[in-house]
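Chains, contacts and geometry: an overview
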Amino acid sequence: MVKDAYGWMQRSLNTIHQANWYRSVTPIASLPGPIITVNGREMLNFASNDYLGLAGDKRLIEAAMNATREWGTGTTGSRLLTGHRELHRQLELAIANLKNTEDAIVFSSGYLANIGTISALVNQRDIILSDEYNHSSLKMGAKLSGATVFNYPHSDINHLTNLLKNHRHQHRRGLIITDTLFSMDGDLSPLPQLVELAQEFDSMLLVDEAHATGVFGKNGAGCVEYFHLTGTPLLQMGTLSKALGSLGGYVAGSATAIDFLRNRAPSWIYTTGLTPADTAAALTAIQIVQQEPQRRAKLWENVATIQAKLKNIDNSENPNFSGFTSFTSPILCYPLKNAAIALQVAQKLQQQGIFAPAIRPPTVTTSRLRISLMATHEPEHIDKFIEFIMAI
Ligand SMILES: *Cc1c(COP(=O)(O)O)cnc(C)c1O
C-alpha cells in the first residue's frame with residue numbers, strides 16, 4: 001500500500017477549523033490609513049500597527065522611490081559582502097541618535113533581529129528568563145539559542161526574582177527578555193524593576209520596543225525613555241515596520257554590543273541587506289518622529305478620547321462584555337469568552353464597516369478583539385467605533 005506522507009496536513013487543518021483557530025488572509029486594496037478598502041468596501045481601520053500614520057505618508061513614499069531609482073530594487077548580497085550602502089549606515093546612526101545609544105544595527109526584519117541577537121548572546125551554558133506573554137520572535141530566539149529557558153508569569157517580578165535566586169548561579173551568562181509594550185494586551189512591562197534585577201543578578205536585559213518606538217517617551221524613543229532609563233546598560237531591539245511605517249528591524253546599544261552582533265548574529269550575517277526603498281523610508285520616518293512631536297501628541301489625544309468614552313459604556317447586561325483593558329496605550333484589548341465569539345464579534349464589526357481583528361490562540365491564550373489607534377484617526381472615527389461596540 002502506498003502511504004501518503006503528507007496526509008497529516010489536511011487532518012491537522014481540520015482540527016484547526018474545528019477549534020475556530022483557522023486563519024486566512026484578507027487583501028487590503030488601498031493605501032494604509034484610518035480608512036482602508038477591504039472586499040471592495042471602505043472600512044474604518046482599527047487593526048493597524050501604523051501608529052503614527054506614516055506608512056502611507058507622501059514623504060516616505062517619495063524617499064523610497066528616490067532610493068530605488070538611485071540604488072535599485074535589491075541590495076544583491078549580505079551587508080558584509082555587496083549588500084551594504086551608505087544609506088544603511090545613515091539609518092543605523094539615526095536609530096542610535098533617536099535611542100541615545102552609542103550604535104545600532106539594522107536587520108532585515110524585527111523577527112530576524114530577535115532570533116539573531118538572542119542566539120548570538122547566549123548558548124547551552126546560559127540561562128534565559130522570558131515573560132510568558134513575549135512575542136513569538138523572542139521565544140523563538142530563546143529556543144534557537146539552546147540556553148535553558150524559564151518563562152515567568154506575565155510581569156511577575158517576585159516569580160522572576162525567585163527564578164534568578166534559584167537558577168542564575170548554575171549558568172554562565174544570564175539574559176532577561178521582554179516586550180516593553182505588550183503587543184496583544186497593550187500593557188507595559190515593569191522596566192525599572194527589570195533593570196534592577198538584571199544588575200543584581202549579573203544578567204543582560206534585552207527589551208523589545210517594537211510597539212513602543214515612535215509612540216512612548218518624550219522624543220518617541222520608546223519605553224526606555226518613558227521610564228527615564230536612557231543610558232542604562234541594556235539592549236533595545238525594535239522594528240521599522242510599526243510606527244516607522246517601513247520594513248526591517250534593529251538593535252540599539254553599546255558600540256561593543258553592536259560590533260559583536262555584526263560578527264556573531266547569523267540572521268544578520270547570512271541574509272541580504274535591507275532594500276534601499278525600506279531603508280530610505282525608515283530613515284525619513286525617524287526624521288519625522290523627531291521633527292513632528294505633534295503626531296505623537298495626536299495619537300495620545302486619541303488614546304485619551306477613546307478611554308474616556310469607553311468608561312461611559314454600560315454594557316453590564318451583555319454576557320459577552322467583560323470590559324476593555326484599562327492600560328494607557330494605543331493598543332486596547334477586549335477579552336471575549338472563546339475563539340468562536342471573538343470571530344463573531346469581529347465579523348459583526350466588519351459588517352458595520354469596522355476592521356478590527358479577532359486575536360485567537362495560539363497567538364494568545366485567551367481570545368480577544370484587539371483595537372489599535374493611529375495619530376490619523378479623527379474624533380468621528382472613534383465615535384463610530386464606540387457606537388458599534390455598544391451595540392455588540
Ligand atoms: C512585530 C513584532 C516583532 C517583529 O517585527 P517585524 O519587523 O514585523 O518582523 C517583534 N517583536 C514584537 C513585540 C512585535 O510586535
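Residues numbered from 1 in each chain as written. Predicted model: local features only at pLDDT ≥ 70, side-chain atom pairs only at ≥ 80, totals over all residues. Heavy atoms only, no water.

Naming follows an unreviewed UniProt entry, where the chain appears as 8-amino-7-ketopelargonate synthase of Limnospira indica PCC 8005. Checking UniProt for the chain, the heading Function (unreviewed entry) contains the comment "Catalyzes the decarboxylative condensation of pimeloyl-[acyl-carrier protein] and L-alanine to produce 8-amino-7-oxononanoate (AON), [acyl-carrier protein], and carbon dioxide." For the record of the chain, the UniProt heading Sequence similarities (unreviewed entry) holds the text "Belongs to the class-II pyridoxal-phosphate-dependent aminotransferase family. BioF subfamily." (UniProt positions renumbered as here; feature names shortened; annotations may be inferred.)

Here the focus is the environment of Pro362. Mapped onto the elements of the fold, Pro362 is located in the loop between strand E12 (358–359) and strand E13 (368–372). For Pro362, a relative accessible area of 63% puts it in the exposed group. Spatially, the C-alpha atom of Pro362 lies 8.0 Å from that of Trp21, the residues being 341 residues apart in sequence. Setting aside residues no more than four positions away along its own chain, Pro362 makes contact with Trp21 and Arg23. (Helix = DSSP H or I, 4+ residues; strand = E, 2+ residues; numbered from the N terminus. Buried < 20%, exposed > 50% of the residue type's maximum accessible area, 1.4 Å probe, protein only. Contact = heavy atoms within 4.5 Å.)

Our focus in this paragraph is a nonpolar patch on the surface. Residues Leu13, Ile16, Trp21 and Tyr22 make up a contiguous nonpolar surface patch of roughly 320 Å² in combined accessible area. Mapped onto the secondary structure, Trp21 falls in the loop between helix H1 (7–18) and strand E1 (35–38). (Patch = residues over 30% accessible without salt bridge, like charges linked within 9 Å, V, L, I, M, F, W, Y side chains within 5 Å. Areas by Shrake-Rupley, 256 points an atom, 1.4 Å probe, with all protein chains shown as cover. Salt bridge = Lys/Arg side-chain N within 4 Å of Asp/Glu carboxyl O.)

As a further point, take the nonpolar core. Residues Leu91, Ile95, Ile176, Leu240, Leu349 and Leu369 are the most contacted members of the largest nonpolar core, which totals 84 residues. With nine residues, helix H11 (residues 276–291) is the largest single contributor of residues to this core. With residues up to four places along the chain from it excluded, the contact list for Leu91 reads Val106, Leu240, Leu274, Thr279, Ala282, Leu283 and Ile286. Ranked by size, the runner-up nonpolar core spans 22 residues in total, among them Leu261, Ala265, Trp268 and Ile269. (Core = buried A, V, L, I, M, F, W, Y, C linked by side-chain atoms within 4.5 Å.)

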